[in-house]
Amino acid sequence: MSNNFAIGGGFSRRSDTFVALGNGVIITPIKPVVNFGIQVVGTGGVATLWTALLEGSLDGVNFSTIIAHTQAIGQGITLWGTLPSAINYFRSRVSVLTLAPATDIVVYILGSS
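Let me begin by describing the structure that accompanies this report.

It is worth spelling out the nonpolar core at this point. In this structure, F90, I105 and V107 are the most contacted members of the largest nonpolar core, which totals 19 residues. Only β4 (33-43), β5 (49-57), β8 (89-98) and β9 (104-112) provide two or more residues apiece to this core. Sorting elements by how many residues they give to this core places β4 first, with four residues. Aside from chain neighbours lying at most four places away, what touches V107 is R14, S15, D16, F18, I38, Q39, V40, A52, S92 and V94.

In structure tokens:
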């Protein structure tokens, strides 16, 4: 796991490092957010296969997918999305992962109000 920042102006960001399937740390932004970005980068090379999700929640317990990022999209490509209404929590989650030559993947997520 890496850093979690609440940034002035209604921005929150985080990066999580994954070597296996799992959930990233939940972000509780200063203000509810509607705009999102996700980017995936392998360390030491490109992972063979991945599905990294940016998920949102109203209650911090039940999460739904906002954006899905896969190897077909490509390493280092940022995807952007906007919801019709704000959410209170968001996180990354990796649901599919085959490393090599990458030793891990880093999932960067951003939310703004």
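Alright, that's what it looks like, and here's the rest.
Moving on, we get to the packing of aromatic side chains. Counted under the stated rule, the structure contains one aromatic pair. Centroid distance F36 to F90: 5.6 Å. Interplanar angle 75°. Geometry classified as edge-to-face. Of this pair, F36 sits in strand β4 while F90 sits in strand β8, placing them 54 residues apart in sequence. Of the two residues, F36 and F90, both sit in the buried class. Its end group placed over the ring of F63, R91 keeps NZ or CZ at 3.9 Å from the ring centre.

If a strand is regular, its side chains alternate between the two faces of the sheet. The buried fraction of β9 is high, at seven of nine residues. In this sheet, β9 lies alongside strand β2 (residues 11-18) in antiparallel orientation, the contact comprising eight bridges. Its bridge partner lying in β9, F18 is registered against I105. As judged from the nine bridges shared by β4 and β9, these two strands associate in the antiparallel manner.

So, how was this worked out
Residues numbered from 1 in each chain as written. Predicted model: local features only at pLDDT ≥ 70, side-chain atom pairs only at ≥ 80, totals over all residues. Heavy atoms only, no water. Core = buried A, V, L, I, M, F, W, Y, C linked by side-chain atoms within 4.5 Å. Buried < 20%, exposed > 50% of the residue type's maximum accessible area, 1.4 Å probe, protein only. Helix = DSSP H or I, 4+ residues; strand = E, 2+ residues; numbered from the N terminus. Contact = heavy atoms within 4.5 Å. Phe/Tyr/Trp six-rings, centres within 6.5 Å; stacked < 30°, edge-to-face > 60°. Lys NZ or Arg CZ within 6 Å of the ring centre and 35° of its normal. Pairing = 2+ DSSP bridges.

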